[in-house]
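Descriptive structure summary
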Amino acid sequence: MRADVGDVAFRLLLALGELWEGLERSGIDPTCRGLHLNQEDLGGYTRYSAGPSSTPRVIVEWNESSRHLRVIRCGEWPGVDATISATVAAVRTEARAHGLLEVVDRVLVKACQDPLPARRTVLSSAAVSSVQLAAKRA
């Protein structure tokens, strides 16, 4: 997977992240096709952790207003595009059954449109460790 807002599959992953909590509250299980995603609000940034199981392969932090993406981890994830595609299809099917298709499609269509330019920062493991250490000290 390419953790970059220029990649449609990645933008769909972020869109699913936006919808995730609401889907679960509506009785729709977005994990039914093997995609596991957690979202955490960091005050300006939203951290998305995603993978084929509870161990994330991709961890990014996204700030929509500044259009800044921080890539913390982007590991090997065979079949990620197929997993995201199958999840989108399953979510749309369930959303239709729950009368939520318009809401879901609005977010997914927006994700498929050409993105505005964005800054991208890739944090190395050492940089992440020092950032986490500094945060613990504060």
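That block above? That's the structure.
As a starting point, this report considers the structure included with it. All values reported here derive from a predicted model rather than from experimental measurement.

**Considering the packing of helix 2 (residues 80–97) against helix 3 (residues 101–112)**
- Running from N to C, helix 2 and helix 3 cross one another at 150 degrees; their axes reach a closest spacing of 8 Å. The orientation of helix 2 relative to helix 3 falls into the category roughly antiparallel. Within the contact between the two elements, helix 2 uses Val-88, Val-91, Arg-92, Ala-95 and Arg-96 and helix 3 uses Leu-101, Val-104, Asp-105 and Leu-108.
- Looking at the contact of helix 2 with helix 3 residue by residue, the classes come out as 6 nonpolar, no polar and 3 charged.

**Overview of the pattern of salt bridges**
- Taken as a whole and assessed by the stated rule, the structure comprises 6 salt bridges.
- Asp-4 is the salt-bridge partner of Arg-2, the closest N and O atoms lying 3.1 Å from each other.
- Arg-2 gets classed as partly exposed once you look at its relative accessible area, which sits at 46%.
- Residues joined by salt bridges that share partners form a network here, namely Arg-47, Glu-61 and Arg-70.

**Overview of the nonpolar core**
- Judged by nonpolar contacts, the single largest core of 33 residues is most densely connected at Phe-10, Val-60 and Ile-84.
- Elements with a minimum of two residues in this core: helix 1 (8–25), strand 2 (46–51), strand 3 (58–63), strand 4 (68–74), helix 2 and helix 3.

**Quick look at helix 3**
- Between its first and last C-alpha atoms helix 3 spans 16 Å; for 12 residues at 1.5 Å apiece the expected length is 16 Å, and the two agree.
- Where helix 3 is concerned, the buried positions are Leu-101, Val-104, Asp-105, Val-107, Leu-108 and Ala-111. Taken end-on, helix 3 shows its buried residues confined to a sector of 165 degrees, consistent with a single buried face. Opposite the packed face of helix 3, turned more than 90 degrees from it, sit the exposed residues Glu-102, Arg-106 and Lys-110.

**Structural notes on the side chain of Ser-49**
- By the element assignment, Ser-49 lies in strand 2.
- Judged by its relative accessible area of 15%, Ser-49 is buried.
- Discounting residues that sit within four places of it in the chain, Ser-49 has contacts with His-36, Leu-37, Asn-38, Pro-56, Val-58 and Ile-59.

**Description of the pairing of strand 2**
- Counting buried positions over the 6 residues of strand 2 gives 5, a clear majority of the element.
- Pairing of strand 1 (residues 36–41) with strand 2, which is carried by 6 bridges, proceeds in the antiparallel orientation. Bridge pairing in strand 2 places Gln-39 opposite Tyr-48.
- For strand 2 and strand 3, the ladder comprises 5 bridges, and the chain directions are antiparallel. In the strand pairing of strand 3, Ser-49 is matched with Ile-59.
- Counting the residues in the hairpin turn of strand 2 and strand 3 gives 6 residues.

What counts, and where the lines are drawn
- Residues numbered from 1 in each chain as written.
- Predicted model: local features only at pLDDT ≥ 70, side-chain atom pairs only at ≥ 80, totals over all residues.
- Heavy atoms only, no water.
- Axes fitted to C-alpha atoms, helices over the stretch in contact; angles between N-to-C directions.
- Helix = DSSP H or I, 4+ residues; strand = E, 2+ residues; numbered from the N terminus.
- Parallel < 35°, antiparallel > 145°, perpendicular 65-115°, else oblique.
- Contact = heavy atoms within 4.5 Å.
- Nonpolar A, V, L, I, M, F, W, Y, C, P; charged D, E, K, R; others polar.
- Salt bridge = Lys/Arg side-chain N within 4 Å of Asp/Glu carboxyl O.
- Buried < 20%, exposed > 50% of the residue type's maximum accessible area, 1.4 Å probe, protein only.
- Core = buried A, V, L, I, M, F, W, Y, C linked by side-chain atoms within 4.5 Å.
- Expected span 1.5 Å × (residues − 1).
- Arc of directions from axis to C-beta.
- Pairing = 2+ DSSP bridges.

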